[in-house]
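Analysis of the macromolecular model
If you want the building blocks of each chain, they are given just below.
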Amino acid sequence: MLEEFKQRRVFRALLAFGLVAFGLLQVVEPVMHGLELPDWVLKVTVVALGVGFPITLVLAWAFDLRDAGAARVEAGGAGARVPSRIGVWIWPLLAGMGLLIAAPGVIYYLSFRNQGRPSPTNSAPAAPSGPSVAVLAFVNLSADPEQDYFSDGLAAEILNALAHVPGLSVTGRTSSFSFKGKAEDLRAIGQKLNVSAILEGSVRKAGSRIRITAQLVKVQDGYNLWAETFDRELRDIFAVQDDIATAVVAALKIKLLPGQATIIGKDRPAREEVYSLFLLGRELNRRGSADAWRKSQEALEKALALDASYAPAWSALASTLLNRSSDSKSESEAGAFKRLGRAAAEKAVALAPGRADGYRVRGNMRARDLWDWRGAEQDFDRALALDPRDFAAIADRAISLLAPLGRLKEAIAETRRSLLLEPLSSTLWSNLCWLSLHDGQLGPAREACVRALAIAPENIYARSYSILLSLREGQPKPALAAAQLLPDEEARLASVAIAAHLAGEELKAQQALDELKRKFGKEAAYEVARVYSWQGQPDAAFEWLARAFAQHDSDLCSLKVELSRSLSSDRRWAPFLARMGLPSTGQ
């Protein structure tokens, strides 16, 4: 029988089918995800290929596949190479063999293929208990597309107001606004955000008039819980915000605290122009580019020139200046931005000691710029006492205070807590990846990294952490290939220098390190020290750490997290930590 299989070229047919099936799957899967097609498309394709296998086996037996085409094989006919001695029972036998061979592949694809593989949904935080709501970005229906900042700002202010309602869980801005411009079913959005209701709306601004429509949708069945239209003069915009927030609370039947009315609508500027400039500056700051930060500073400074008593604008300006200092081209420029930023944060706290944002921004600055760990801790504690559900304060405290102090377990727990409030923040997922990686939790780190990149594929931090994960997992060659594709030059040179060294390509590693020192050594000495620590050169690492200390490089906050693995046994380690005011215990 084996000889007959060979003569009829059955094995050749099955090999050709296997190659075609494999190639088809390689094309279908990425195309399916790229076009956002449902998962059943891939499953149907796999089932079809599985069914096609026994069919191919039967046809290959029945027809002699020749170079010139296929010929029907008859028992003892002219087309037969050997006499057929097998009866009609061969057909069910062949079909059964084909199904038996195809079954493991089909079962693997449909049942086991994704088990253990990190996916964006594997790490999704649990849904909060009790009523929960997400406020989507309001649609700008105005003629001017530049008014997007106004409609976004309005939705953000309503979100902030609802976040102060006791008993109501509110998804953070980054996660809620990630669906902006996407035609996605509200029920699907609600399931992704783990909320029971969604507030959506639109803003139409024309001259001094504004029309706002808003509706609250129940995620479970898609029905409206509440809907209303507000027509107001622009000078009444704060009253409109309060009306919507109050109506949503009533719709969800949440009992408010006695002081709730003072929370919604407090600290508002007297002039509408000040508020518009504040919204514009805050939105530009979130865009994360050097040009946007520059424009954000200009808008916020204009707002404060009109009303210097508006504390939220001072907080936003401090945050913008902190971002600008991280992107500075010289040490002196960075120092100037840091000084202005600290002054703005102090002003925000002085003007509004009952607001959390000023303390949060000042806490970040005290930790990253001044290495004033005690002062930073007091600021973060105060911010969270004022607003326990401020996900930004929770996340910043974890990454700017707990991690530098070596309290990695606490930092990981707090980052996970912030993800309950902001589940679609690529930044928070990449933070969790970084913390888990250096805590030795490679599985959770990989899952968090996958989640971060699924949300924002351009996240340079997540891409860099993925490379480090590959190195920790003993895969230097793939890590090096990925490192060479990083778009940020500083991150690329550092990653290549590390990965090439571990891959045994010392010339490439040295070239990348030399270029990193030449281009970025004056303002990023810590990064050079980090490369030397990975390369096992402690003397050079401590030399560049001393330079980073002299530069007051804010990345030194990562010292205990990133370098303790390679440098903590060195006699110079504890004295250097002491210079920064960091405890020698911990990570």
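**A look at the overall build of the protein chain**
Helices and strands together make up the secondary structure of the protein chain, namely 27 helices and 8 strands. Classification of the 587 residues of the protein chain by burial places 50% in the buried group. For the protein chain, restricting intrachain contacts to residue pairs at least 6 apart in sequence, the fraction spanning at least 24 positions comes to 62%. With an accessible surface of roughly 27400 Å², the protein chain has 56% of that area assigned to carbon and sulfur atoms.

**Remarks on the packing of aromatic side chains**
Taken as a whole, this structure holds 5 aromatic pairs when the rule is applied. Aromatic side chains Tyr-461 and Tyr-465 sit 6.5 Å apart centroid to centroid with 40° between the ring planes, which places their arrangement in the tilted category. Pair noted here: Tyr-461 and Tyr-465 are both in helix H20 (residues 460–472), with a separation of 4 residues, about one helical turn. Their ring planes at 70° and their centres at 6.1 Å tell us that Phe-549 and Phe-576 sit as a pair that is edge-to-face. Pair noted here: Phe-549 is in helix H25 (residues 538–551) and Phe-576 is in helix H27 (residues 573–579), with a separation of 27 residues, a long-range link.

**Some thoughts on helix H7 (residues 186–193)**
Taken residue by residue, H7 has Leu-186, Ile-189, Gly-190 and Leu-193 as its buried positions. Along the long axis of H7, the arc covered by the buried residues comes to 100°, so they all point the same way. Where H7 begins, one side-chain oxygen reaches toward the backbone nitrogen of Arg-187, 3.0 Å away; that side chain belongs to Asp-185. Looking one or two residues beyond H7, the residue adopting positive phi is Asn-194, at roughly 60°.

**Side note on the pairing of strand E6 (residues 197–206)**
Direction of pairing for strand E3 (residues 132–135) relative to E6: parallel, over a ladder of 3 bridges. By the bridge assignment, Val-133 is partnered in E6 with Ala-197. Here 2 bridges tie strand E4 (residues 139–140) to E6, and the two strands are oriented parallel to one another. Among the inter-strand pairings, Val-139 is bridged to a residue of E6, identified as Ser-202. Here E6 runs beside strand E7 (residues 209–218); their pairing, made up of 10 bridges, is antiparallel. Each bridged residue has a counterpart across the sheet, and for Gly-201 the counterpart in E7 is Ala-214.

**Observations regarding the side chain of Glu-562**
Here Glu-562 lies in helix H26 (residues 559–567). The buried charged residue Glu-562 lacks any salt bridge, with Arg-530 as its nearest oppositely charged partner at 4.3 Å. The contacts of Glu-562, once residues within four sequence positions are left out, are Trp-434, His-438, Tyr-526 and Arg-530.

**Comments concerning the confidence of the model for the protein chain**
This prediction gives the protein chain a mean pLDDT of 78; 71% of its residues lie at or above 70. Per-element mean pLDDT across the protein chain ranges from 42 in helix H9 (residues 260–263) up to 96 in helix H24 (residues 525–534). Of the regions scoring below 50 in pLDDT, residues 32–36 engages in 5 contacts with residues more than four places distant in sequence or in other chains. Of the regions scoring below 50 in pLDDT, residues 253–264 engages in 14 contacts with residues more than four places distant in sequence or in other chains.

Rules and cut-offs
- Residues numbered from 1 in each chain as written.
- Predicted model: local features only at pLDDT ≥ 70, side-chain atom pairs only at ≥ 80, totals over all residues.
- Heavy atoms only, no water.
- Helix = DSSP H or I, 4+ residues; strand = E, 2+ residues; numbered from the N terminus.
- Buried < 20%, exposed > 50% of the residue type's maximum accessible area, 1.4 Å probe, protein only.
- Contact = heavy atoms within 4.5 Å.
- Areas by Shrake-Rupley, 256 points an atom, 1.4 Å probe, with all protein chains shown as cover.
- Phe/Tyr/Trp six-rings, centres within 6.5 Å; stacked < 30°, edge-to-face > 60°.
- Arc of directions from axis to C-beta.
- Polar contact = N/O pair within 3.5 Å; in protein donor to acceptor, adjacent residues only side chain to side chain.
- Pairing = 2+ DSSP bridges.
- Lys, Arg positive; Asp, Glu negative; His and termini not counted.
- Salt bridge = Lys/Arg side-chain N within 4 Å of Asp/Glu carboxyl O.
- pLDDT = per-residue confidence, 0-100.

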